[in-house]
Amino acid sequence: MFDKSLDQDHDQSSKMGAYFPRTYITGMYKFLLRNPEKFRIITYDDLSWSSKDKCFGNFPEEFKSWNKMIKADPVNGQKIHLMIQYDLDSRPDRAMDLLREPCHRHVPVNIMLFNKRVDRKFLKASGKVKSTPYEIDDKLLVKYQKDGSVVGYHSNANERGGFSIDGAMTAFDEDVAALRKRFIIDYYTAHGGIPGPDGTNNNGLPFPKNWEGDIRWVHNGSSPQFDGVFSDGGHNNKKRDPGKRDLRDFVLGLKPGRRYRMLLHPQYYDLRPKRSPTYGGTKWYDTLMDKYEKCETFDPWEHFE
């Protein structure tokens, strides 16, 4: 059981930080699985990686090779290729619960996780690095990897290394080595995190030269190309219009033969979510929450065929 009292940076309320019902995600997966002729769910392992590309950047050769392959494929060339990525920033228990949902067994995803989670509030207040509880069901993730999902490193090396380049590179090495004792780790993403005194964040760190040819940087600072992307990140960012952030609008606007990525943070989804002050007053969100509060088994994707 996750002991919240041990975590100074952990949301104390079971509802805190969860703004959507879990059925908002599981309903999407049921929708995708009902339409296999339209959708192909992919992971980073499915991309057309090329030795001509570096391990970071925008991977132009990969995208060129991918498009050539898709155009030559009479079946997959007519499908929408959708990649789903989870960033496990906080409340990893919600991610584990989501992965345990029966419908999720047939949906491969990219699960990006920390080696150690940093207490951001403590770091801001004291300038000192302290880890928080970050409980992961290793057996569950290993099973998902065997079934086709990807587990990757979510790099918070900048904070872990005390905002120094040397410290960050050491933390990166330690994190990847530790995670590789538990999972296959071929990719990493940069966490948003807290900028250091000079403004550098995780996505501003250089690619570690000693890892060239061994790991790829695939998100936030370096990324393969997509025909469209969606992110639920920065939920409380006032500059992002909540009226344009309905998962259903994004999915229903996807085009056959194209490749897309959806970045999700499972911490936002739970069985008993709390209404978002930021999204409140937005028609699609208010309707979603009204229906959910009347019936917790309500499927938000039921009529989206």
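Going by the structure above, here's the rest.
Note that the structure is predicted; figures quoted are calculated from it, not measured.

Draft legend 1. Focus on the environment of Tyr153. With respect to the helices and strands, the residue Tyr153 is situated in strand S7 (residues 150–155). Looking at Tyr153, the relative accessible area reads 0%, which means it is buried. C-alpha of Tyr153 to C-alpha of Leu179: the two residues are 26 residues apart in sequence and 7.5 Å apart in space. Those residues in contact with Tyr153 that lie beyond four places of it in its chain are Met112, Leu113, Asn115, Ala171, Phe172, Asp175, Val176, Leu179, Ile185, Tyr187, Tyr188 and Thr189.

Draft legend 2. Representation of the nonpolar core within the structure. Grouped together as the largest cluster of nonpolar side chains are 67 residues, with contacts concentrated most on Phe20, Tyr29, Leu32, Ile84, Tyr86 and Leu264. Those residues in contact with Tyr86, other than ones at most four positions away along the chain, are Ile25, Tyr29, Leu98, Leu99, His104, Val109, Asn110, Ile111, Met112, Leu264 and Pro266. In terms of nonpolar packing, the next biggest core, distinct from the first, is built from 13 residues, Ile42, Trp49, Met112 and Tyr187 among them.

Draft legend 3. Layout of the packing of aromatic side chains. Going through the model one piece at a time under the given rule, you end up with 26 aromatic pairs. Ring geometry for Phe20 versus Trp284: centroids 6.3 Å apart, planes at 5°, classification stacked. Placement of Phe20 in strand S1 (residues 20–21) and of Trp284 in helix H9 (residues 283–294) is noted, with a sequence separation of 264 residues between them. You'll find Phe20 and Trp284 in the same group, each marked buried. For the pair Tyr153 and Tyr188, a centre-to-centre distance of 6.5 Å together with 40° between the ring planes defines the contact as tilted. Of this pair, Tyr153 sits in strand S7 while Tyr188 sits in strand S8 (residues 187–190), placing them 35 residues apart in sequence. In this structure Tyr188 comes out as buried when scored by relative accessible area, which is 3%. By way of ring pairs, the aromatic residues Phe56, Tyr153, Phe172, Tyr188, Phe207, Trp211 and Trp217 are connected into one cluster.

Draft legend 4. Up close: the side chain of His235. Here His235 shows up in the loop between strand S10 (228–231) and helix H8 (247–252). By relative accessible area, which is 2% here, His235 ends up buried. A distance of 2.7 Å separates a polar atom in the side chain of His235 from a polar atom in the side chain of Ser276. What His235 contacts, discounting residues up to four positions off in sequence, is Tyr19, Phe20, Arg245, Tyr268, Ser276, Thr278 and Tyr279.

Draft legend 5. Inspection of helix H2 (residues 60–71) at higher detail. Look at H2: 17 Å from first C-alpha to last across 12 residues, which is about the 16 Å you get at 1.5 Å a residue. Tucked into the core, H2 has its buried residues touching strand S2 (39–42), strand S3 (80–88) and strand S11 (259–264).

Draft legend 6. Just the pattern of salt bridges, in detail. Across all of its chains, the model carries 18 salt bridges by this definition. Measuring nitrogen to oxygen at the nearest pair gives 3.9 Å for the salt bridge that ties Arg275 to Asp286. Residue Arg275 is located in the loop between strand S12 (269–270) and H9, and its partner Asp286 is located in helix H9; the two are separated by 11 residues in the primary sequence. Taking the relative accessible area as the measure of exposure, Asp286 reaches 22% and is therefore partly exposed.

Draft legend 7. Representation of unusual backbone geometry. The backbone phi angle of Phe59 is positive, close to 50°, even though this residue is not glycine. Residue position: Phe59 is located in the loop between S2 and H2. Overall, the relative accessible area of 1% leaves Phe59 in the buried class. The phi angle at Arg91 is positive, at roughly 45°, despite the residue not being glycine. Residue placement: Arg91 occurs in the loop between S3 and helix H3 (92–99). Given the relative accessible area of 6%, Arg91 is considered buried.

Parameters and conventions
Residues numbered from 1 in each chain as written. Predicted model: local features only at pLDDT ≥ 70, side-chain atom pairs only at ≥ 80, totals over all residues. Heavy atoms only, no water. Helix = DSSP H or I, 4+ residues; strand = E, 2+ residues; numbered from the N terminus. Buried < 20%, exposed > 50% of the residue type's maximum accessible area, 1.4 Å probe, protein only. Contact = heavy atoms within 4.5 Å. Core = buried A, V, L, I, M, F, W, Y, C linked by side-chain atoms within 4.5 Å. Phe/Tyr/Trp six-rings, centres within 6.5 Å; stacked < 30°, edge-to-face > 60°. Polar contact = N/O pair within 3.5 Å; in protein donor to acceptor, adjacent residues only side chain to side chain. Expected span 1.5 Å × (residues − 1). Salt bridge = Lys/Arg side-chain N within 4 Å of Asp/Glu carboxyl O.

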